[in-house]
Amino acid sequence: MRRLLVVPTGLVILAACAAGLQVGSTVDAGFPEQLAAELTEGLAGSWAEGFQVAVVLEDGSTWTYQEEPGSTDPHKTDIGSIGKTMEAALVLQLGEDGALDLDSDVDRWIEAPPGVTVRQLLQHTSGIASDDRNLPPVCDPGTCQSYSNAGYEMLGESVAGATGESNEENLRVQVIEPAGLTETILEPEEVLATAQQLAQFAHVLYRGELLEPESLDEMLGFESVLDLPGSNECETMGLGTVRRHIDGLGESWGHGGWTSVSRSWMEHFPESGVSFAVIVNGGADFLPLGPIYAALDAYLPDSTTPERCDHDVAELVDAEETLITERSGYDGQPAVSPNGTSLAMLSVFEDGIDIVLRELSTGNEARLEMEGWDVAPRWAPDGRLIYSSDIDGDREVYVTEIGSEAPERLTDNDGE
């Protein structure tokens, strides 16, 4: 496979917009043309109102592309949960400075359940319910891994309590300015940035330019959680960072963000030293990661890192386990029909994510290729299928008769 052709002369920004691609000498022309075309085609027919993407090569050379109506400059967008990675970098830096001890209980600074530590909030093992800390805990501290937005809100409050400065001021001084993110905007509980700034952040963070080696090792300490209920080898959560494996590109480190107005993703591939970020505005129904991976894979050498996981559905009877599915990729969220004959589950295919129905007696499968991203299948007592979908732009709950083409929307609450 061909490598990206770069000239090691520092940061070169190769910008493109809908009016035409401007390609400089640092990147083979075929790469940006292929990527731009595939992204545009991939988002056609979605709810996207525009997108932007940035790729940072190993030497720091950067290529950016955008298609955003009415603008020649990329919009600064709320990056959602990618802010968790920035928060984790901040907390680790404060640990280096002695301002925070990762193994201290946070109730010394804020109101919190006893025994919850800074580290547990960072790695989502605190047991704090995801969106409301006042709900009963999901588990005792340190006994499971359960993603918690509220836990990271508590981290920000702990930072302010420990330092005497606001969390935003700490982020600005410790992370945003050292990373060179001069145009990133910090607001309470919100970070506004472009894809180029996110790709740059991933590049400097995961190459060790923001943290001491020991702190970066802590952030990437994925193995420590894999024996806990709720952990997942396919997408392992460290401290504010998710580890994945992409065919042909190898292991990756990054995080995604999802808000009511945008979806975003940043990712770094340590084998090649390449980082990228993408932001899709307007409530798009998916992130166009496939075209980015395909374009990168065509211009980078094959990864030598073995794939870490396949995720299959299994049946356990009297301590004897039998695989129900056995294929590459992710199969999960299983739910058995009320009459016990069918299994509904989520499966990830090369061309998308869909719910699959499997007849347990025969093994025959039918893929329900419904519009949108449909997850969390459950059965109603009368045999109808209930699931969550973003078919209308916001994630809502739907119910459908099997074989029907007209699902019924049950909620209108923007994010069920």
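Residues numbered from 1 in each chain as written. Predicted model: local features only at pLDDT ≥ 70, side-chain atom pairs only at ≥ 80, totals over all residues. Heavy atoms only, no water.

Caption draft 1: Representation of the overall build of the chain within the structure. Regarding its fold elements, the chain presents 8 helices and 23 strands. Counting across all 416 residues of the chain, residues that qualify as buried make up 49%. With an accessible surface of roughly 19,000 Å², the chain has 48% of that area assigned to carbon and sulfur atoms. (Helix = DSSP H or I, 4+ residues; strand = E, 2+ residues; numbered from the N terminus. Buried < 20%, exposed > 50% of the residue type's maximum accessible area, 1.4 Å probe, protein only. Areas by Shrake-Rupley, 256 points an atom, 1.4 Å probe, with all protein chains shown as cover.)

Caption draft 2: The arrangement of the packing of helix α2 (residues 82–97) against helix α4 (residues 149–163) in detail. Where α2 contacts α4, the axes come no closer than 11 Å and their chain directions differ by 35°. Note that α2 runs across α4; the crossing there is left-handed. On α4, the residues that touch Lys 84, Glu 87, Ala 88, Leu 90, Val 91 and Leu 94 of α2 are Asn 149, Tyr 152, Leu 155, Gly 156, Val 159 and Thr 163. Tallied by class, the residues present in the contact of α2 with α4 amount to 7 nonpolar, 3 polar and 2 charged. (Axes fitted to C-alpha atoms, helices over the stretch in contact; angles between N-to-C directions. Left-handed = near helix turned anticlockwise from the far one by under 90°. Contact = heavy atoms within 4.5 Å. Nonpolar A, V, L, I, M, F, W, Y, C, P; charged D, E, K, R; others polar.)

Caption draft 3: Quick look at the sheet that holds strand β8 (residues 190–193). Ordered in space as β6-β8-β7, the 3 strands form an open sheet in which the pairing is antiparallel. A strand with exactly one partner marks an edge of an open sheet, and here the two such strands are β6 (77–78) and β7 (185–187). Where β6 meets β8, 2 bridges bridge the pair, whose relative direction is antiparallel. The partner of Thr 77 across the bridge, within β8, is Ala 193. (Pairing = 2+ DSSP bridges.)

Caption draft 4: Structural context of the state of the cysteines. Scanning the entire structure with this criterion turns up 1 disulfide. Sulfur-sulfur distance for the disulfide between Cys 139 and Cys 144 comes to 2.1 Å. Between Cys 139 and Cys 144 the sulfur-sulfur dihedral comes to about -80°; the bridge is accordingly left-handed. What makes Cys 144 buried here is its relative accessible area of 8%. (Disulfide = S-S within 2.5 Å.)

Caption draft 5: Main features of the side chain of Lys 84. Mapped onto the secondary structure, Lys 84 falls in helix α2. No salt bridge is formed by the buried Lys 84; its nearest oppositely charged neighbour, Asp 131, is found at 7.3 Å. Engagement of the side chain of Lys 84 in a polar contact is seen with the side chain of Tyr 147, the distance being 3.3 Å. Residues contacting Lys 84, with those up to four places away along its chain left out, are His 124, Tyr 147, Ser 148, Asn 149, Tyr 152, Gly 240 and His 255. (Lys, Arg positive; Asp, Glu negative; His and termini not counted. Salt bridge = Lys/Arg side-chain N within 4 Å of Asp/Glu carboxyl O. Polar contact = N/O pair within 3.5 Å; in protein donor to acceptor, adjacent residues only side chain to side chain.)

Caption draft 6: Seen up close, the pairing of strand β12 (residues 262–269). Buried residues dominate β12, accounting for 8 of its 8 residues. The alternating pattern of β12 places Ser 262, Ser 264, Met 266 and His 268 on one face and Arg 263, Trp 265, Glu 267 and Phe 269 on the opposite face, and all of these are buried. Both strand β11 (residues 250–258) and β12 contribute to a ladder of 6 bridges, which runs antiparallel. Bridge pairing in β12 links Gly 256 to Trp 265. As consecutive antiparallel partners, β11 and β12 are separated by 3 residues. Relative to strand β13 (residues 274–281), β12 runs antiparallel, the two sharing 8 bridges. Its bridge partner being in β13, Trp 265 is matched across the sheet by Val 278. Hairpin geometry of β12 and β13 is characterised by an intervening segment of 4 residues between the two adjacent antiparallel strands and by a positive phi of about 75° at Gly 273.

Caption draft 7: The arrangement of the pattern of salt bridges in detail. On inspection of all chains with the given rule, the structure shows 16 salt bridges. A salt bridge links Glu 223 to Arg 243, with the nearest nitrogen and oxygen atoms 2.8 Å apart. On the criterion of sequence distance, the pair formed by Glu 223 in the loop between α7 (213–219) and β9 (236–237) and Arg 243 in strand β10 (residues 242–246) is long-range, its members being 20 residues apart. Linking Glu 396 and Arg 409 is a salt bridge whose minimum nitrogen-to-oxygen distance equals 3.3 Å. Of this pair, Glu 396 sits in strand β22 (residues 396–400) while Arg 409 sits in strand β23 (residues 408–409), and the two are 13 residues apart along the sequence. Counted as one network, the salt bridges with shared partners bring together Asp 103, Arg 119 and Glu 218.

Caption draft 8: Representation of the packing of α2 against helix α5 (residues 167–176). Here α2 crosses α5 at 80°, and the two axes come no closer than 9 Å. The angle between α2 and α5 places the two elements in the roughly perpendicular class. Residues Met 86, Glu 87, Ala 89, Leu 90, Gln 93, Leu 94 and Asp 97 of α2 lie in contact with α5, whose contacting residues are Asn 167, Asn 170, Leu 171, Gln 174, Val 175 and Ile 176. A per-class count over the contact of α2 with α5 returns 7 nonpolar, 4 polar and 2 charged. (Parallel < 35°, antiparallel > 145°, perpendicular 65-115°, else oblique.)

Caption draft 9: Spatial organisation of the sheet that holds β23. Across the sheet, which stays open at both edges, the 4 strands sit in the order β20-β21-β22-β23 with antiparallel pairing between neighbours. Every interior strand has two partners, whereas the edge strands, β20 (374–379) and β23, have only one. Where strand β21 (residues 385–389) meets β22, 5 bridges bridge the pair, whose relative direction is antiparallel. Residue Leu 385 lies in a different strand from β22, and its bridge partner there is Thr 400.

Caption draft 10: The arrangement of the environment of Gly 230 in detail. Positionally, Gly 230 belongs in the loop between α7 and β9. On a C-alpha basis, the gap between Gly 230 and Ser 146 in space is 6.1 Å, while along the polypeptide they are 84 residues apart.

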